[in-house]
Amino acid sequence: MKLILGSASPRRRELLAQLGLEPHEVRPADIDETPLKGERARDYVSRMAREKAMALNVAPDEVILSADTTVTAGRRILGKPEDEKEAAEFLWLLSGRRHHVLTAVAVRTAAGLRERLVDTVVKFKPLSNAEVNGYLGSGEWRGKAGGYAIQGRGGAFVPWIQGSFTAVVGLPLAETAALLASAGIDGEPT
Ligand SMILES: Cc1cn([C@H]2C[C@H](O)[C@@H](COP(=O)(O)OP(=O)(O)OP(=O)(O)O)O2)c(=O)[nH]c1=O
């Protein structure tokens, strides 16, 4: 079976490499990522992963892997910030609080689609003006759900997590490996 990565995220590619897997092809799906009115975060993130997988054609010898990561604080869904102003808003919202990072993984073959949702709790320390401004200036917030990257400088804001570190970065490796194995794709640890 050929592994098709249905994602433009370089992090997801790197995480796959950690499993000893290299996609046969990268085929990102371009879908509308707007939440539905009143949609719950868990429903939203699952729908996104599924829609990314369903937007692509799948050949009988292909396995498509798609995922979606979103940050949720209270009832709010924090996606990728549109600009620096929104990134600042997200960072202040997360400052000194716990939030959830939800990552859904979808694996699709011609036979059907299987999906897993991973919920990780992340705690942010109270941020100072200097920390927020320095972080905004680094540009690291771009393209990251919630406006931070735990695997980068953003890691300095996180004293504690409960759940899956790899899920926060974009692909929960234990669940992904299990889903892929059941679709006939096995990696070797590198
Ligand atoms: C919270 C957090 C998110 N992220 C990233 C992972 C995802 O790439 C991104 C959330 O956006 P996604 O919409 O999940 O993915 P993407 O747009 O990067 O790629 P694609 O849709 O093609 O698969 O946020 C981090 O890298 N580190 C973090 O700590």
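Every chain begins its residue count from 1, and numbering advances along the sequence as written. Note on the predicted model: pLDDT of at least 70 is required for a residue's local features to be given, and 80 or more for side-chain atom pairs to be given and counted; whole-chain, interface and lining totals, by contrast, use all residues. Computation of side-chain values covers all heavy atoms of the structure but excludes hydrogens and water.

Where we set the bar: UniProt positions are given in the numbering used here, feature names are shortened, and annotations may be inferred rather than shown by experiment.
If you check an unreviewed UniProt entry, the chain appears there as dTTP/UTP pyrophosphatase from Thioclava atlantica. Within the UniProt record for the chain, the comment given under Sequence similarities (unreviewed entry) is "Belongs to the Maf family. YhdE subfamily." The heading Function (unreviewed entry) in the UniProt record of the chain holds the text "Nucleoside triphosphate pyrophosphatase that hydrolyzes dTTP and UTP. May have a dual role in cell division arrest and in preventing the incorporation of modified nucleotides into cellular nucleic acids."

**So, the packing of helix α3 (residues 84-94) against helix α4 (residues 129-138)**
For the record, the criterion: Axes, fitted as lines to C-alpha atoms, cover a helix only where it is in contact. Angles between the N-to-C directions of the axes lie from 0 to 180 degrees. Put simply, DSSP marks the helices as runs of H or I at least four residues long and the strands as runs of E at least two long, and each gets a number from the N terminus on. Any angle that is under 35 degrees is reported as roughly parallel, and any over 145 degrees as roughly antiparallel; angles of 65 to 115 degrees are reported as roughly perpendicular and all others as oblique. When the near helix sits turned anticlockwise from the far one by under a right angle, the crossing is termed left-handed; a clockwise turn instead gives a right-handed crossing. By definition, residues are in contact when any of their heavy atoms lie within 4.5 Å. Each residue gets one label: Ala, Val, Leu, Ile, Met, Phe, Trp, Tyr, Cys and Pro are nonpolar, Asp, Glu, Lys and Arg are charged, and the others, such as Gly, are polar.
Where α3 meets α4, the closest approach of the two axes is 10 Å, and the angle between their N-to-C directions is 140°. Looking at the two axes, α3 sits oblique to α4. In this structure, α3 meets α4 at a crossing whose hand is right-handed. In contact with Glu84, Ala87, Ala88, Leu91 and Trp92 of α3, α4 contributes Asn129, Val132, Tyr135 and Leu136. A breakdown of the residues in the contact of α3 with α4 according to their chemical character gives seven nonpolar, one polar and one charged.

**Brief notes about the pattern of salt bridges**
Two side chains bearing opposite charge may form a pair once their charged atoms approach each other closely. Note the threshold: Think of a salt bridge as a Lys or Arg side-chain nitrogen and an Asp or Glu carboxyl oxygen that are within 4 Å of each other. Between buried and exposed lies partly exposed: a residue is buried under 20% and exposed over 50% of the maximum accessible area for its type, with that area taken using a 1.4 Å probe on protein chains only.
The tally for this structure, following the rule as stated, stands at twelve salt bridges. The shortest N-O distance in the salt bridge between Arg27 and Glu25 comes to 2.8 Å. A relative accessible area of 32% places Glu25 in the partly exposed class. Between Glu62 and Arg27 there is a salt bridge, and its shortest N-O distance comes to 3.0 Å. Here Arg27 lies in the loop between β2 (25-26) and α2 (41-54) and Glu62 lies in strand β3 (residues 62-73), a separation of 35 residues in the sequence. You'll find Glu62 and Arg27 in the same group, each marked buried. Look at the salt bridges and you will find they share partners, linking Glu25, Arg27 and Glu62 into a network.

**What to know about the UniProt feature "site: Important for substrate specificity" (unreviewed entry) in the chain**
Our working rule: Throughout this description, a polar contact denotes any pair of N or O atoms lying within 3.5 Å of each other; where both atoms belong to protein, one of them has to be capable of donating a hydrogen while the other can accept it, and for residues adjacent in sequence the pair is counted only when both atoms sit in side chains.
Per the UniProt record, "site: Important for substrate specificity" (unreviewed entry) is annotated on Arg11, Thr69 and Gln151. In summary, the annotated positions, though distributed over 141 residues, converge in three dimensions, the widest C-alpha pair being only 14.2 Å. Following the sequence through the fold, Thr69 ends up in strand β3. Setting aside anything within four residues of it in sequence, one finds Thr69 in contact with Arg12, Val45, Val101, Leu102, Thr103, Ala145, Ala167, Val168 and Gly170. Polar side-chain contacts of Thr69 include one of 3.0 Å to the side chain of Arg12. Among the structural elements, Gln151 can be located in the loop between α4 and β7 (160-162). If near-sequence neighbours (up to four positions away) are discounted, Gln151 is found in contact with Arg11, Lys144, Phe165 and Val169.

**Some points on the confidence of the model for the chain**
For clarity, the cut-off: The pLDDT value expresses, per residue, how confident the predictor is, ranging between 0 and 100.
Confidence in the prediction of the chain, expressed as mean pLDDT, is 96, and 98% of residues score 70 or more. Across the interfaces of the predicted complex, the ipTM metric reaches 0.97, alongside a pTM of 0.96.

**A look at α2**
We count it as follows: The span expected for a helix works out to 1.5 Å for each residue beyond the first.
For α2, with 14 residues, the first-to-last C-alpha span of 20 Å sits near the 20 Å given by 1.5 Å per residue. Every buried residue of α2 is accounted for by Ala41, Tyr44, Val45, Ser46, Arg47, Met48, Ala49, Lys52 and Ala53. Those residues of α2 hidden inside the fold are in contact with α1 (10-18), β3, β4 (76-78), β5 (98-109) and β6 (112-123).

**As for the UniProt feature "active site" (unreviewed entry) in the chain**
Within this numbering scheme, the UniProt entry marks Asp68 as carrying the feature "active site" (unreviewed entry). Tracing the sequence through the fold places Asp68 in strand β3. Residues in contact with Asp68, not counting those within four places in the same chain, are Arg12, Glu33, Tyr44, Val45, Met48, Ala49, Lys52, Leu102, Thr103 and Ala104. A distance of 2.8 Å separates a polar atom in the side chain of Asp68 from a polar atom in the side chain of Lys52.

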